[in-house]
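Breakdown of the fold
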Amino acid sequence: MAAACTTRRAPLPLDSPADASEATDEEQPAAASDAPAVSHIEEEPLPGDEPAGNDADAHDAAELSVEPPPLLDTIDATTPPNVAAATRLVEAGRAQMAAGDYGAALEQLERAIAIDSGNPYAYYYLAELHLSHRTYDQAIAFADRAASLSDARAPAWASRAYTLQGNAFEAAGRFADARGAYTRAIQAAPGNLAAQVGLARVGAPALTPP
Amino acid sequence: MVRRAILVLAALALTAAAVSAAVAIYMLRQLDAVVVEKFNGRRWNFPSRIYSDAFLIYPGLNVRAAGLTDRLQRLNYRPADDDEPLRKGDFRRTPTGIDLFLRDFSYPGQHVADRLVHLAIDRDVVVAMRDLRSGQELYSLQLEPELISGLYDSTWEERREVSLQDLPPQLVRAVVLTEDRRFYSHRGVDPIGIVRAFWTDMRQGGVVQGGSTLTQQLMKNFFLSEERTMRRKVKEVLMAVLAERRYSKDEILENYLNEIYLGQNGLQGIFGVWEASQFYFARPPQELSLGDVALLAGLIRAPNALSPFRRPERARARRDTVLRLLLDNREISQAEYDAAISEPLHLAAVHARANAAPYFVDFLREDLSRNYPHDVLTSEGLGIFTTLDVQLQQFASEAVDDGLRELEQRYPRLAQRPGGRVQAALIAVRPQTGAIVAMVGGRDYETTQFNRAVHAQRQPGSIFKPLVFLAAFDAARTDDNPVTPTTPVLDEPFEWHYDGGTWQPANYRDTYFGQVTARRALELSLNAATSRIANRVGLDAILTLAARIGIESPLPPYPSVVLGAAEVTPLEVAQAYAVIANQGLKASLRGASKVVDRQGQIVERRPVAVERVVSAEAAYQVAHLMEGVLDRGTGRGVREQGFKRPAAGKTGTTNDARDAWFAGFTPELLAVVWVGFDDNAPLGLTGAEAAVPIWTNFIQRATAAAPPSAFQPPSGVALVRIDPYTGGIATPACPETIVEAFWRGQEPTVACPAHSPHLPAVEPAAAGT
């Protein structure tokens, strides 16, 4: 079992961004000709701690998302102190990611989980970090957890997380799963434009908000 | 004739002289090559250092439960007096909390600056944190990682190489003055120094100066043994001269200051002034006072005989002698001398460095050896940052020690058995990150190094049952006739026919309960009812799921495996249960998080790595049932011992009670405990009797520092209050109700028709194990 600690190690997101060619060809998007191609996955990853950087769709999608409230606004007098501390660590990690310091960001996000294991924001930004480094399986799993943890309490964040997961599925070539994720994103927040665009891109008509 | 004889003799003498000269030159060249190789090559073996995880302080933390004072003391933080200004590495209790001067430290990929902070504490809980210099409010602070052990070959030589310019000049001058005051004027050997040392020693009435130069001492330490022979002395002198011809005084001095032996801390030899400064004063050399510097320089002569820990008066006298020497040689002023001589000894707390987690270190060594050759691990000075929490490790060791001792007191037959003492293993992990925070592989590492937490292949017994329910609930998503927590199951003897045989599962003490719910089947660990569910799900599905969630040992393809008739390790159980605790996400268990080289550059990073291996909803449902095991089932001893936080778990006992298990978790921490004999002899105790007390003792202490939290259901789960007997939605008339977790769409839609009178009252005491 000790082998579990070595043989099942995930790719290192900060040291070796996954090669784009690892994306599976499980299926083609139904509307591939119309959709903005996920051409970024063909580009060479940047060296070292740099993110893949060209996940244009993912970043565009993030901009189009329904904007959730700023992270620190989620803290109020009723927030348990460890949750508040974890959320502040996530905010610090987010800022470090924005500044390109991915190693430090990873450290902060892992620490946030250590003191508040159910912190959806920590998982969300871990997913974002992995997506930017093309470790799609990790991005998908962390986005899944983020969405699951915020579903009932913060639909905007759940929608964001599903959208991020859709981006990761899409980048990994798993278009059917991407459709599912985008659909869930729209169900959580019908006004999520990024999810609607994503859904259109992977070959399904945008859902009409219920 | 005589003349001829003289000529022959002269010729012979010349030949002999020429040969001798040639041999001497050859030998000198050989010695020279040895010196060059040592100076230019790798001079020392640097053991890898294994560190714990950095500890996080945040508002809400209970500092008493977190063992903050113990942590500070292990890190050599010094309690300061009220009137004393705080220096780096000091702390002081105040009426409102703790003032703490955190040291700066390097952590892989980041440098954490020193910080003077105040922790406001109310009833042991941190309520606020403030930077005392800037006034800034703080939300989290890191304590530096603790050194757990070194990975070394035969002897543990702890040293950190430091360059001459990074050492305080006062320390360098003090060492030169005490050990070799003519260092800068001799060529490796100092006849005048020998006479002067002799004279000084005579005058001071003791050994103040030595006769060997620093260069000679370095040559002796580098290459030569301690034997006092003329041959060795000649070699030492020749090599010293050769070294001085090739290398500058500063190079020689720098090597000397990094090389010298300066004491012993348990197994660990203290070498070089940097390491000694940390060992004796818990500060880097740059932060030493003049008195500290003099003490350190004076120790070189006889580190153990003059140890300030064991012989403070002798150490102080030696320090004062060195201070006098500095004054006499005008290295310090009279005022500096007066101030230094009245300094108390600022010593770090004495604690022999024992390996606090020997089984974990072995596990790590084994794990790392897959990627790093042995000599790299033992000589390249890698920094291995781990996930271990030393305080939790201590709680785990104490829980195992106390638990086994109490068992032996209560059941003296255990202690009287000739075949070996009863053993236990405990492994604790963070399910969300896979971090192994504590590992105990046996009750006494000195006696047996076999790591039961990692290598003991034991039958899991009923601890396997949650995997059956996990497979059942996972399949339920797409099943027209799904198994839910309220699904009725017949708990009666039955036969399971399979290729080549028939298997008849029997209940504990042959007691059967008739129709029960799936929940009760797990809560009471009913073999027959669980086997029926397993039969319904299918053996293949269960075995596939077990492999997917972390059981790597081969499982026999026979129905009895569903009741744990197989062999697995506690580590595998921890991995599998961590998936349940982490809502279906498998975070691979890991002991190391980062490896850095001697320069602090990251060589390898092992971040949290997760994989969806089973649905979140099914995992949550199983965890929800397992909460019932503690609240109403075979694990209720946990509650009886006073642990009230949200938690889930499962007991396990194998045939003839050879193995006793308990595996359980809170939302943040999971622990697996196994108790048994190495030779597989019957223990005669159930998991509830032998493992639950150890688990509870550990988890109570290990979780007390953080505020409690609850298990959060995933979005696909509907929580419905029902009547536990009818399975209908609870009405105000129901005498007993329970909240149950269903896949959305599978929750009951009909109100409780009536309280079912025909279900027998269940006596947990007579149920499974």
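Residues numbered from 1 in each chain as written. Chains lettered and ligands numbered in written order. Predicted model: local features only at pLDDT ≥ 70, side-chain atom pairs only at ≥ 80, totals over all residues.

**Examining the overall build of chain A**
In terms of regular secondary structure, chain A is built from nine helices and zero strands. Reading the helices (α) and strands (β) of chain A from amino to carboxyl end gives α-α-α-α-α-α-α-α-α. Within chain A, the fraction of its 210 residues that count as buried is 56%. Counting contacts in chain A only where the partners sit at least 6 residues apart, residues at least 24 apart contribute 60% of the total. (Helix = DSSP H or I, 4+ residues; strand = E, 2+ residues; numbered from the N terminus. Buried ≥ 20, exposed ≤ 12 C-beta atoms within 10 Å, placed from the backbone. Contact = placed C-beta atoms within 7 Å.)

**Thoughts on the overall build of chain B**
When you go through chain B residue by residue, the secondary structure sums to 25 helices and 31 strands. Along the first, second and third principal axes, the C-alpha atoms of chain B reach 130 × 75 × 50 Å. The 769 residues of chain B split such that 49% are buried. In chain B, the share of contacts with a sequence separation of at least 24, taken over all contacts with a separation of at least 6, comes to 69%.

**Digging into the sheet that holds strand β3 (residues 78-79) of chain B**
Residue and element names in this part refer to chain B. Judged by pairing direction, the sheet is mixed, and its six strands sit side by side in the order β3-β4-β5-β8-β9-β10 without closing on themselves. The open sheet is flanked by β3 and β10 (137-138), the only strands paired with a single partner. Taken together, the six bridges between strand β5 (residues 97-102) and strand β8 (residues 115-122) define a ladder with antiparallel strand orientation. What sits directly across from F101, in β8, is L116. (Pairing = 2+ DSSP bridges.)

**As for the interface of chain A and chain B**
Size of an interface, as often reported, equals the accessible area lost when the parts are brought together. Listed per partner, the contact involves 39 residues of chain A and 46 residues of chain B. Of all the secondary structure elements, the ones that give two or more residues to the side of chain A that touches chain B are α1 (4-7), α3 (81-98), α4 (102-115) and α6 (136-150) of chain A. Broken down by element, the side of chain A that touches chain B gets its largest block of residues, nine residues, from α4 of chain A. Considering only residue class, the side of chain A that touches chain B consists of 21 nonpolar, seven polar and 11 charged. (Nonpolar A, V, L, I, M, F, W, Y, C, P; charged D, E, K, R; others polar.)

**Description of the packing of helix α9 (residues 290-299) of chain B against helix α10 (residues 312-328) of chain B**
In helix packing, the relevant descriptors are the interaxial angle and the interaxial distance, both defined with respect to the helix axes. All names here are of chain B. Relative orientation of the contacting elements α9 and α10 amounts to 105 degrees, with a least axis distance of 8 Å. Compared by their axis directions, α9 and α10 come out roughly perpendicular. The residues of α10 that touch α9, namely those facing G291, A294, L295, A297 and G298, are A315, R318, R319, T321, V322, L323 and L326. For the contact of α9 with α10, the class distribution of residues is seven nonpolar, three polar and two charged. (Axes fitted to C-alpha atoms, helices over the stretch in contact; angles between N-to-C directions. Parallel < 35°, antiparallel > 145°, perpendicular 65-115°, else oblique.)

**Digging into the domain arrangement of chain B**
Residues and elements named next belong to chain B. For chain B, the assigned domains read domain 1 (1-41), domain 2 (61-144) and domain 3 (152-341). Distance from the C-alpha centre of domain 1 to the C-alpha centre of domain 3: 36 Å. Taken residue by residue, the interface counts eight residues in domain 1 and eight residues in domain 3. Of the residues in the side of domain 1 that touches domain 3, the class split is six nonpolar, no polar and two charged. (Domains from an automatic or database assignment.)

**Looking at helix α8 (residues 175-188) of chain A**
All names here are of chain A. Relative to the 20 Å expected for 14 residues at 1.5 Å per residue, α8 spans 20 Å between its end C-alpha atoms, a close match to the ideal helical length. If you check which residues of α8 are buried, you get F175, A178, R179, A181, Y182, R184, A185, I186 and A188. Tucked inside the fold, the buried residues of α8 contact α7 (155-171) and α9 (193-201). (Expected span 1.5 Å × (residues − 1).)

**Let's talk about the pairing of β8 of chain B**
Residue and element names in this part refer to chain B. Only one face of β8 is covered, namely the face carrying R115, V117, L119 and I121; the face carrying L116, H118, A120 and D122 is uncovered. Pairing of β8 with strand β9 (residues 125-131), which is carried by six bridges, proceeds in the antiparallel orientation. Directly across from A120, in β9, lies its bridge partner A128. Between the antiparallel neighbours β8 and β9 lie two residues, among them R123 with a positive phi of about 45 degrees.

**What about the nonpolar core?**
All names here are of chain B. In terms of nonpolar packing, the biggest core is built from 214 residues, with L426, I427, A428 and V673 touching the most fellow members. It is helix α22 (residues 616-631) that provides the largest number of residues to this core, a total of 10 residues. In contact with V673, other than residues within four places in its own chain, are A424, L426, W661, F662, A691, I694 and W695. The next biggest cluster of nonpolar side chains, apart from the first, holds 49 residues, and it includes I252, V293, L325 and A340. (Core = buried A, V, L, I, M, F, W, Y, C linked by C-beta atoms within 7 Å.)

**As for the environment of P308 of chain B**
In this fold, P308 of chain B is placed in the loop between α9 and α10. Among all residues touching P308 of chain B, those that are not within four sequence positions of it are Y280, L295, A315, L345 and L347 of chain B.

**Some details on the pairing of strand β19 (residues 488-491) of chain B**
All names here are of chain B. Judged by which residues are buried, β19 turns out to be one-sided: V489 and D491 face inward and are buried, whereas P488 and L490, on the alternate face, are not. Bridge count for β19 against strand β22 (residues 514-517) is four bridges, and the pairing is antiparallel. When the bridges of β22 are listed, D491 appears paired with G514.

**Overview of the environment of S342 of chain B**
One can find S342 of chain B in the loop between α11 (334-341) and α12 (358-368). Between the C-alpha atom of S342 of chain B and that of A647 of chain B, which follows or precedes it by 305 residues, the distance is 57 Å.

**A word on the sheet that holds strand β18 (residues 435-440) of chain B**
In a beta sheet, neighbouring strands pair by backbone hydrogen bonds and run either parallel or antiparallel. All names here are of chain B. Pairing within the open sheet is antiparallel, and its five strands lie in the order β18-β17-β29-β28-β27. Each of the sheet's edge strands pairs with one partner strand only, and the pair in question is β18 and β27 (648-653). Taking each pair of neighbouring strands and ignoring which way they run, the sheet shows an average axis angle of 10 degrees. As paired elements, strand β28 (residues 659-665) and strand β29 (residues 670-676) share seven bridges and run antiparallel to each other. Within the sheet, the bridge partner assigned to W661 lies in β29 and is W674. Strands in contact with helix α21 (residues 570-581) are β17 (423-430), β28 and β29; relative to β29, the strand with the most contacts, it is inclined by about 150 degrees.

**Things to note about the confidence of the model for chain B**
In the predicted model, chain B carries a mean pLDDT of 89, and the fraction of residues at 70 or more is 94%. Across residues 756-768 of chain B, where pLDDT falls below 50, the model places 29 contacts with residues more than four positions away in sequence or in other chains. (pLDDT = per-residue confidence, 0-100.)

**Things to note about the packing of helix α1 (residues 2-40) of chain B against helix α6 (residues 230-246) of chain B**
All names here are of chain B. One way to put it is that α1 packs onto α6 with a least axis distance of 9 Å and a crossing angle of 60 degrees. Judged by the inter-axis angle, α1 sits oblique to α6. For the pair α1 and α6, the sense of crossing is right-handed. Taken together, the residues of α6 that come into contact with α1 (itself represented by L28, L31, D32, V35 and V36) are L238, M239, L242, A243 and R246. Taken together, the residues that form the contact of α1 with α6 break down as eight nonpolar, no polar and two charged. (Left-handed = near helix turned anticlockwise from the far one by under 90°.)

**Describing α3 of chain A**
For α3 of chain A, built from 18 residues, the straight-helix expectation of 26 Å at 1.5 Å per residue is met to within 8% by its first-to-last C-alpha distance of 26 Å. The element α3 of chain A is largely enclosed, with a buried count of 15 among its 18 residues.

**Let's talk about the environment of G263 of chain B**
Here G263 of chain B is to be found in strand β14 (residues 261-265). A sequence separation of 40 residues divides G263 of chain B from P303 of chain B, and the C-alpha atoms of the two residues are 5.1 Å apart.

**A look at unusual backbone geometry**
Backbone geometry places A282 of chain B, a non-glycine residue, at a positive phi of 55 degrees. Inspection of the secondary structure assignment puts A282 of chain B in the loop between α8 (273-281) and α9.

**Regarding the confidence of the model for chain A**
Residue and element names in this part refer to chain A. Per-residue confidence for chain A gives a mean pLDDT of 74, with 63% of residues at or over 70. Between residues 1-13, whose pLDDT stays under 50, and residues either more than four places distant or in other chains, the model counts 40 contacts. Considering only residues more than four positions removed or in separate chains, one finds that residues 15-63, a stretch of pLDDT under 50, has 73 contacts.

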